[in-house]
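Residue-level structure breakdown
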Amino acid sequence: MVRQRGQGKSGPAKKKDMGGPPTPFKRPPEVLQPFIDTLDEKHVYVTHIDGHPRDFKRKIFAVPVLMNVVIAALFLFRLYYILPYYLQIFASVLGYPNETTMVVDEMEWSEIVPEVGVRAFSFMLDFLLFAFIWTWPVDFCLAQDHGNPVMWRWSVGFRDHEVVVRRSRKWDASMGNVIDDAGAKSLFMSRVSTATAPMLVNEKTGYLLMDADWDLDWAAMVDATTMVDKKMAAIEAFKTVVLVFHEEHGWLCVNMKAGENVEEDDRRRQVFAFRDALAAVGKEDLFYRWIEIIQFESSQPGGFTPEKQEQVAQQIRDMFDKQGINFDEFWKESVGQEGISINSPM
């Protein structure tokens, strides 16, 4: 079982549920219950599968690692440089004269004012560094409330397919009843629709999805990955799941496929997965040449007739073959299924 964090939980549920929840809400899958038991009822959660290549994820994660290493090194250097000075001032305050002791009666104002200004600036600078900047590397490595990025990567490593869990930020405090309140439901659906947009989740790897509305829940991602590794749930169970707690119905998930463009969104996800797979083997240019060919041929006079489509399909397959890639086999391997027309990528 995954660990029970229990933050913000209000005890075992709960109130009587008079019938099932209304559309688009529904009961979450039973297989996710051990994961749901670790979540905070005050927040909304969105899970999805990040299919970007692991090498790309390493490069993205290297940026905050290097940034925090530099910040920590600069902070330690500042500490090494300034600490003896502050110790001397402290000793002076305790009555042990030293080079930092200011004997005001023996000093001119032209000496006092600059010295006081320098010390005030130094105190303010170091206070700001300690209060605001130092917290970055500390939270990056040691934060406990929802885990931290180092703990996540240490536990999960880098994988081609990873479970990403986002947690709502402060907007959820004023959300209200998402079932009975039309305004609250509108706010909720707007936020989760934006968060689950195919263009967003396919263009950005998980680490880049933190914004003003959503934060990553590092501990929840470790919990979800642990479930997958222990065969408690298939990774597909975490594909685009929105979880919200309701006082009457308990935990609910949202059917984000209730719209009219489900097939189009699924096809777009597959195309992006295909592009990422080509990029992983250094053949991303083939993807864009494929798109260009289809766009050009479909805009020619006479229309994109079935005969023309067959010719173009063969042309594209030949183009991929010259680069050592079998289009149909590579599509199946990267997407996990067959079914797209080579002549309709988007």
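The model shown is predicted, which means the values in this text are computed figures rather than measured ones.

A look at the overall build of the protein
When helices and strands are tallied, the protein shows twelve helices and six strands. Residues classed as buried in the protein amount to 39% of the 346 residues present. Within the protein, contacts between residues at least 6 apart in sequence are counted, and of these 78% link residues at least 24 apart. By element, 58% of the accessible surface of the protein is carried by carbon and sulfur atoms, the whole surface being about 19700 Å².

Regarding the environment of Phe330
When you line up the elements, Phe330 lands in helix 12 (residues 327-335). According to the relative accessible area criterion, Phe330 is buried, its value standing at 15%. Spatially, the C-alpha atoms of Phe330 and Phe320 are 9.8 Å apart, while their sequence positions differ by ten residues.

What about the packing of aromatic side chains?
Applying the stated criterion across every chain, the model contains 23 aromatic pairs. Ring geometry for Phe61 and Tyr207: centres 5.7 Å apart, planes at 90°, overall edge-to-face. Placement of Phe61 in helix 2 (residues 54-93) and of Tyr207 in the loop between helix 7 (198-203) and strand 4 (214-216) is noted, with a sequence separation of 146 residues between them. Measuring from ring centre to ring centre gives 5.4 Å for Trp152 and Trp218, while their planes differ by 40°; the resulting arrangement is tilted. In this pair, Trp152 sits in helix 5 (residues 149-156) while Trp218 sits in helix 8 (residues 218-229), placing the two residues 66 residues apart along the sequence. As far as the burial class goes, Trp152 and Trp218 line up, both buried. Aromatic ring contacts, followed pair by pair, group Phe274, Phe287, Tyr288, Trp290, Phe320, Phe327, Phe330 and Trp331 into a single cluster. The aromatic ring of Trp152 is capped on one face by Arg153, whose charged end is 3.8 Å from the ring centroid.

A closer look at unusual backbone geometry
For residues other than glycine, phi is negative in most cases, and the peptide bonds are mostly trans. Residue Thr23 is joined to Pro24 through a cis peptide bond whose omega torsion reads 10°. Position of Pro24 relative to the elements: it lies in the segment before strand 1 (25-26). The phi torsion at Lys231 lies on the positive side, around 65°, for a residue other than glycine. Tracing the chain through its elements places Lys231 in the loop between helix 8 and strand 5 (241-246). For Lys231, a relative accessible area of 73% corresponds to the exposed category. In the Ramachandran plot, Thr240 falls in the positive-phi region, its phi being about 50° despite a non-glycine side chain. Note on placement: Thr240 falls in the loop between helix 8 and strand 5.

Thoughts on a nonpolar patch on the surface
A contiguous nonpolar patch, built from Leu76, Leu79, Leu83 and Leu87 and spanning about 360 Å² of accessible area, is present on the exposed surface. Examined against the element boundaries, Leu79 turns out to sit in helix 2. According to the relative accessible area criterion, Leu79 is partly exposed, its value standing at 40%.

Some points on the sheet that holds strand 4
Spatially, the six strands line up as an open sheet ordered 1-6-5-2-3-4, and their pairing is antiparallel. If you trace the sheet from one side to the other, it starts and ends with strand 1 and strand 4, each paired once. Of the strand pairs in this sheet, strand 2 (residues 45-50) and strand 3 (residues 162-168) are connected by six bridges, and their pairing is antiparallel. From the neighbouring strand, Val46 faces strand 3, where its bridge partner is Arg166.

Some words on the nonpolar core
With 30 residues, the main nonpolar core has Phe35, Phe238 and Leu243 as its most contacted residues. Every element with two or more residues in this core is listed here: helix 1 (33-36), helix 2, helix 5, strand 3, helix 8, strand 5 and strand 6 (250-254). The element contributing the most residues to this core is helix 8, with seven residues. Once residues within four sequence positions are removed from consideration, Leu243 is found in contact with Pro28, Phe35, Ile36, Leu39, His43, Val44, Tyr45, Trp251, Leu252 and Cys253. Counting residues in each nonpolar core, the second largest holds 19 residues, with Ala277, Ile291, Phe304 and Ile316 among its members.

Here's the deal with the packing of helix 5 against helix 8
Between helix 5 and helix 8, whose axes approach to 8 Å, the crossing angle comes to 10°. Between helix 5 and helix 8, the angle is such that the two are roughly parallel. Along this stretch, helix 5 crosses helix 8, giving a crossing that reads as left-handed. Between helix 5 and helix 8, the residues in contact are Pro149, Met151, Trp152, Ser155 and Val156 and Trp218, Ala219, Met221, Val222 and Thr225, respectively.

Conventions we followed
Residues numbered from 1 in each chain as written. Predicted model: local features only at pLDDT ≥ 70, side-chain atom pairs only at ≥ 80, totals over all residues. Heavy atoms only, no water. Helix = DSSP H or I, 4+ residues; strand = E, 2+ residues; numbered from the N terminus. Buried < 20%, exposed > 50% of the residue type's maximum accessible area, 1.4 Å probe, protein only. Contact = heavy atoms within 4.5 Å. Areas by Shrake-Rupley, 256 points an atom, 1.4 Å probe, with all protein chains shown as cover. Phe/Tyr/Trp six-rings, centres within 6.5 Å; stacked < 30°, edge-to-face > 60°. Lys NZ or Arg CZ within 6 Å of the ring centre and 35° of its normal. Patch = residues over 30% accessible without salt bridge, like charges linked within 9 Å, V, L, I, M, F, W, Y side chains within 5 Å. Salt bridge = Lys/Arg side-chain N within 4 Å of Asp/Glu carboxyl O. Pairing = 2+ DSSP bridges. Core = buried A, V, L, I, M, F, W, Y, C linked by side-chain atoms within 4.5 Å. Axes fitted to C-alpha atoms, helices over the stretch in contact; angles between N-to-C directions. Parallel < 35°, antiparallel > 145°, perpendicular 65-115°, else oblique. Left-handed = near helix turned anticlockwise from the far one by under 90°.

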